[in-house]
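Observations on the model geometry
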Amino acid sequence: MADTVSSSNAKALKRAHIKGRYSKDLFILQQLVGKDFKLRYRRSVLGVIWSVLNPLLMMVIMSFVFSYFLKSGDIQNYPLYLIVGNITFMLMSDATNGGLNSIIGAASLLKKVKIDRWVFPVQKVFSAAVNFVFSLIAVAIVMLFFRIAPTVHLLWMFVALLLLMVFCIGISMLIGALAVFFRDMIHLWSVLLTAWTYLTPIFWSLKLLTDNPQTPAFVIAVVKLNPMFNYIEIMRSAIVYQSTPSHMCLLLALVWAVVALVAGVAVFKKTEHKFILYI
């Protein structure tokens, strides 16, 4: 009887310890996200308004260039098509760029305070997501300007956002851990992001490839398997096309999110005990 009580007390203490630990991590995560938000717009006259103006200005410039010079005007609701693709890709870009330097940037804090290290790359993803939410105001302005009313399909946007955040957390943990040991990863990721931008139909349509009989099948397959193509397509289905995303897009988006998270957590957990020696 005494052994049973002792075992129950031990389990209760363990649960309390775990709960307290994660409560502390969540508090730190919240504080870091708030700090990032304040630093992003510190000493800026317009402040958070830049999160709305930036995608709008990019949309205007790129719409002009690609509609009149590079013949992308055949895409229906092109300005909306463009801004949705742009802010979705920028969410991934901001999140992973932040995650890439998250451990290295937190070196002074990690050397002084005992904190679960996963908090730092995850915090960068949440910070990018906050900025993305403000960017949606720009999308709403474009929809109002072109008199495009939202439909119930807009709910798919939250599915895309959730899956994309999981994907970004996995990638951020992976490259954040690798950057600690291989600083060249910082430069390599910049190159990869540039290539990824052009591989993703942000300002062009997949029809440019599929309607061209000379396009090799493997090129179309590579674009369709591109994780960001699937996340952007779901976003566009919700906002631009106002329809249900294809089952293949949803499946691939889920698969990429799970694969990225599993790979990121595995590498991060295997290497995090060595971070303090290299940062």
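Relevant structure appears above.
What comes next concerns the included structure.

Details of the overall build of the protein
Scanning the protein for helices and strands turns up 13 helices and 0 strands. Helices and strands in the protein line up, N terminus first, as α-α-α-α-α-α-α-α-α-α-α-α-α. The proportion of buried residues among the 279 residues of the protein is 44%. Contacts spanning at least 24 positions in sequence make up 77% of the contacts within the protein whose residues lie at least 6 apart.

Considerations on unusual backbone geometry
Phi at arginine 147 is positive, roughly 55 degrees, even though this residue is not glycine. For arginine 147, the position within the fold is in the loop between helix H6 (119-145) and helix H7 (156-181). When its relative accessible area of 78% is taken as the criterion, arginine 147 is described as exposed. For glutamine 242, which is not glycine, the phi dihedral falls at a positive 55 degrees. Note that glutamine 242 resides in the loop between helix H11 (227-241) and helix H12 (247-271).

Digging into the nonpolar core
In terms of nonpolar packing, the biggest core is built from 82 residues, with Leu80, Ile83, Met92, Val139 and Phe167 touching the most fellow members. In terms of residues, this core owes the most to one element, H7, which gives 15 residues. Non-local contacts of leucine 80, meaning those with residues more than four positions away in its chain, are made with Val139, Val142, Met143, Ile148, Ile239 and Val240.

Section: the environment of glycine 34
Tracing the backbone through its elements, the reader meets glycine 34 in helix H1 (residues 2-40). In the structure, glycine 34 is positioned 92 residues away from phenylalanine 126 in sequence and 10.0 Å away in space, judged by C-alpha atoms.

Thresholds, definitions, all that
- Residues numbered from 1 in each chain as written.
- Predicted model: local features only at pLDDT ≥ 70, side-chain atom pairs only at ≥ 80, totals over all residues.
- Heavy atoms only, no water.
- Helix = DSSP H or I, 4+ residues; strand = E, 2+ residues; numbered from the N terminus.
- Buried < 20%, exposed > 50% of the residue type's maximum accessible area, 1.4 Å probe, protein only.
- Contact = heavy atoms within 4.5 Å.
- Core = buried A, V, L, I, M, F, W, Y, C linked by side-chain atoms within 4.5 Å.

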